[in-house]
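# Coordinate analysis (summary)
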Amino acid sequence: MSEKNSGQVWPTFQRLWPYVRPYKLAFVAAVIAMAVYGSVDAAMIYLVKPLIDNGLAEGNASALRWAPLIIIGLFVVRGLGNFVSTYCLAWVSQHVVRSMRQAVFEKYLRLPVSYFDTRSSGDLISKVTYDTEQVSRASSSALVSMVRDGFTVIALLFIMFWESWQLSTIFFLVGPVVAWVIALVSRRFRKVSKNIQAAMGGVTSATEQMLKGHKNVLAFGGQTLEAERFDKVNNRTRQQNMKLAAAQAISQPAIQILGAMALAVVLFVASFDSVLSNLTPGSFVVIIGAMMGLMTPVRHLTKVNAEFQRGIAAAHSVFSVLDEVEAADEGKKTLNQCRGDVHFDQVVFTYPNSEEPVLKGIELAVPAGRTVALVGRSGSGKTTLSSLLPRFYELDSGRITVDGQDIKELSLSSLRSQIATVSQQVVLFNDTIANNIAYACDSSVTRAQIEAAAEAAHVMPFVNDLPEGLDTLVGEDGVLLSGGQRQRIAIARAILRDAPILILDEATSALDTESERAIQSALDRLQQGRTSLVIAHRLSTIESADEIVVMDKGAIVERGDHKTLLAAGGAYAQLHQMQFGEN
């Protein structure tokens, strides 16, 4: 959505309509029911005229006898209209919110990694949960009140003009002023609503941060610090909500006072004989009743306007996510029977919002079936280089090829299906160990294959001690397992994937010495016949690599096998000496 249309109601409705269109019959039924409801409210006031003119004024008892039946009938129709409108619109709004949540969630899956690098997960979660819920409230209860009371206002104005257009015209003198007040307040509502959404993202983010680092908070005695941090974002949310409440509290009495002034003028003008002579008692009571009846729907419209504008702002926030540029996936080619021949050709890469390139003209060939290890100090660009191969980021210049094909010409799904990754930050899902090992695999994967992968990754020794075995739930992010156990499951996942290209980023970092030896042997077997890009700080794990590449400040400073680099006495030898204390 462009900045010009940012926060405007009509463009947002245009964006919402495709989500409503599949349920338009229920939506139309709701609108008709709301129109019936509003018209019945106006009809109740108009019913006063025949009761006074034909009943009381003329002493006609029969006119009063049928009135109870009409009143009961009107209330039955009114109640039916209320039920249909409320239920149908709630049904539509829940489907709309479900579709919007699904769209945002799937959009997150298609966005580039760089998008998530610059945003807090709490804010992103808030858009899926809080913002879409605000859309639901605006499209159900708020919209019901606005449309229903809107029809009531239209019907009452029609009655007023029908009975006396002169008096009704006077009432309309305040119309432009009321419209100006509502427009002014609506803009204020939208602005504050956006601030509330941002504040709620802060609350979610602060809470999530504390929960993820709960043990560290307790270990370092950071309870007071976290409580104060949360109090700030929590208080900011309160302040923004109070601004919304203040605007709402001011707008309602202001509009009511304007309406009361118009009613006072009408009563004064009606006292003139020239006007009074043209009115029957019933007509006069109906006009005054309609004018007073306008106060209630106008008050409701002003009250729900805050909620409605909050929903508009929330919808705009959701659409801002849906309008984000997705990860580039223009490649049409697919990799069939990939050998795994990888070549980094003069690769230059700079992170967004960073001035200095992280990688500077990297030239590196990894022949099919060979193991190349990347070593160097932290921040030298090792992990960044490995992240470029599955196209988590786009290059500034240069190119990367797999089997001679530029990875930009390959579809992302095809490229990534040829790569298995084990990183130092293991991500497990709140599911069973077996399902975590077989994550994203198709239904053709058998239980025996899962067990074989688990055996190869030395998962079975600790799984056999669990009551549910491979069907044991690991908890959120594998919280019920140790770091080494989580790492083994991640390795088993890579073994089961059986991809021709492996990226091992500190794959044994969370293991003890005994487990590391066992896992290293499994990894050695896994790497046979596969192209492996290994990132390691423990130089002992990569001594058998076909080639060791030493990186520093985004450039390759040395390359060769273990013995050659040690003999050269350069950067690799210095790293080796620091780890093993050799002279």
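The name an unreviewed UniProt entry gives the protein is ATP-binding cassette, subfamily B, MsbA, with Ferrimonas marina as the organism.

## Observations concerning the overall build of the protein
Helix and strand content of the protein: 22 helices and 10 strands. Buried residues in the protein amount to 46% of all 583 residues. Nonlocal contacts in the protein, meaning residues at least 24 apart in sequence, comprise 78% of its contacts between residues at least 6 apart. Accessible surface, the protein: about 29400 Å² in total, of which carbon and sulfur atoms supply 58%.

## Topic: the nonpolar core
Ranked by size, the top nonpolar core spans 45 residues in total, and within it Ile433, Ile437, Val459, Leu470 and Ile542 carry the most contacts. For this core, the element with the most residues is helix H19 (residues 483-497), which contributes 7 residues. Every residue in contact with Ile542, bar those within four places of it in the chain, is listed here: Ala373, Val375, Val534, Ala536, Ile548 and Tyr572. Grouped together as the second largest cluster of nonpolar side chains are 29 residues, Leu359, Val366, Leu389 and Leu395 included.

## Notes on the sheet that holds strand E8 (residues 531-535)
Spatially, the 6 strands line up as an open sheet ordered E6-E7-E8-E3-E9-E10, and their pairing is mixed. The sheet is open, and its two borders are formed by strand E6 (419-422) and strand E10 (555-560), each paired with just one other strand. Along the sheet, successive strands turn relative to each other by an average axial angle of 20°, direction set aside. Note that strand E3 (residues 371-376) and E8 share 4 bridges and pair parallel.

## Description of the environment of Glu226
The topology assignment puts Glu226 in helix H11 (residues 223-270). When its relative accessible area of 15% is taken as the criterion, Glu226 is described as buried. When the C-alpha atoms of Glu226 and Thr207 are compared, they prove to be 9.1 Å apart, with 19 residues separating the residues in sequence. Here Glu226 is in contact with Gln209, Met210 and Val217, once residues within four sequence places are set aside.

## Describing a nonpolar patch on the surface
Together, Val28, Ile32, Val36 and Val77 give the surface a local cluster of nonpolar side chains, amounting to about 300 Å² of exposed area. Broken down by element, the residue count for the nonpolar patch peaks at 3 residues, all from helix H2 (residues 24-46). Note on placement: Val28 falls in helix H2. Its relative accessible area of 44% is what places Val28 among the partly exposed residues.

## Some details on the pairing of strand E1 (residues 342-349)
In this structure, E1 lies alongside strand E2 (residues 359-366), joined through 5 bridges in antiparallel fashion. Across the sheet, residue Val342 finds its bridge partner in E2, namely Val366. Here 5 bridges tie E1 to strand E4 (residues 397-402), and the two strands are oriented antiparallel to one another. By the bridge assignment for E4, His343 is matched with Thr401.

## Re the pattern of salt bridges
Across all of its chains, the model carries 15 salt bridges by this definition. A network of salt bridges, in which partner residues are shared, links Lys107, Arg110 and Glu326.

## Overview of the side chain of Gln240
By the secondary structure assignment, Gln240 is in helix H11. The class for Gln240 is buried, based on a relative accessible area of 7%. Ignoring anything within four residues of it in the chain, the contact list for Gln240 reads Val192, Asn195 and Ile196.

## Some details on helix H22 (residues 571-580)
Within H22, burial applies to Tyr572, Ala573, Leu575 and His576. Mapping the buried residues of H22 onto a view down its axis gives an arc of 160°, with all of them on the same face.

## Examining the packing of H2 against helix H5 (residues 67-110)
The N-to-C vectors of H2 and H5 enclose an angle of 150°; their axes lie 8 Å apart at closest approach. Judged by the angle between their axes, H2 and H5 are roughly antiparallel. Note on packing geometry: the crossing formed by H2 with H5 is left-handed. Of the residues contributing to the contact of H2 with H5, the split by class is 19 nonpolar, 3 polar and 2 charged.

## Points about the packing of aromatic side chains
Aromatic ring pairs: the centre-centre distance and the angle between the two ring planes describe each pair. Summed over the entire model, instances satisfying the criterion amount to 10 aromatic pairs. Taken together, a centroid distance of 6.2 Å and an interplanar angle of 70° make the contact between Trp17 and Phe27 edge-to-face. With Trp17 in helix H1 (residues 9-20) and Phe27 in helix H2, this residue pair connects regions lying 10 residues apart in the sequence. Classification of Trp17 by relative accessible area gives partly exposed; the value is 35%. Judged by relative accessible area, Phe27 falls into the partly exposed class, the value being 22%. On the numbers, 5.4 Å between centres and 85° between planes, the contact of Tyr115 with Phe116 is edge-to-face. Taken together, the ring pairs connect Tyr108, Tyr115 and Phe116 into an aromatic cluster. Sitting over the face of the ring of Phe319, Arg15 holds its NZ or CZ atom 4.4 Å from the ring centroid.

Calculation criteria
Note on numbering: residues in each chain are counted from 1, in written sequence order. With the structure being a predicted model, the display of local features is reserved for residues of pLDDT at least 70 and the display and counting of side-chain atom pairs for 80 or more, all residues being used for whole-chain, interface and lining totals. Note that the side-chain values use all heavy atoms of the structure and ignore hydrogens as well as water. Helix and strand assignments come from DSSP, with helices taken as H or I runs of at least 4 residues and strands as E runs of at least 2, each series counted from the N terminus. Relative accessible area decides the class of each residue, using a 1.4 Å probe on protein chains only: under 20% of the type maximum gives buried, over 50% gives exposed, and in between gives partly exposed. Contact between two residues is taken to exist if any of their heavy atoms lie within 4.5 Å; hydrogens are not considered. Calculation of accessible area relied on Shrake-Rupley with a 1.4 Å probe; when residues are assessed, cover is drawn exclusively from the protein chains displayed. Put simply, a nonpolar core is a bunch of buried Ala, Val, Leu, Ile, Met, Phe, Trp, Tyr and Cys residues held in one set by side-chain atoms that sit within 4.5 Å of each other. Any two strands with at least two DSSP-identified bridges between them are counted as paired. Helix axes are fitted to C-alpha atoms over the stretch in contact, other axes to C-alpha atoms as well, and angles between N-to-C directions run from 0 to 180 degrees. A residue counts toward a patch only above 30% relative accessible area and without a salt bridge, and it is joined to like-charged neighbours within 9 Å or, for Val, Leu, Ile, Met, Phe, Trp and Tyr, to nonpolar neighbours within 5 Å. Any carboxyl oxygen of Asp or Glu that lies within 4 Å of a side-chain nitrogen of Lys or Arg is treated as forming a salt bridge with it. Along the arc lie the directions from the helix axis toward the C-beta atoms. Our angle categories are set so that under 35 degrees counts as roughly parallel, over 145 as roughly antiparallel, 65 to 115 as roughly perpendicular, and the remainder as oblique. Take the far helix as the reference: if the near one is turned anticlockwise from it by less than a right angle, the crossing is left-handed, and if turned clockwise, right-handed. Polar here means any residue other than Ala, Val, Leu, Ile, Met, Phe, Trp, Tyr, Cys and Pro, which are nonpolar, and Asp, Glu, Lys and Arg, which are charged; Gly is therefore polar. Ring geometry is summarised as follows: Phe, Tyr and Trp rings, the Trp one being its six-membered ring, pair when their centres sit within 6.5 Å, and such pairs are stacked at plane angles under 30 degrees, edge-to-face over 60 and tilted between the two. Ring-over charges, as used throughout, are those where CZ of Arg or NZ of Lys falls within 6 Å of the ring centre and within 35 degrees of the ring normal.

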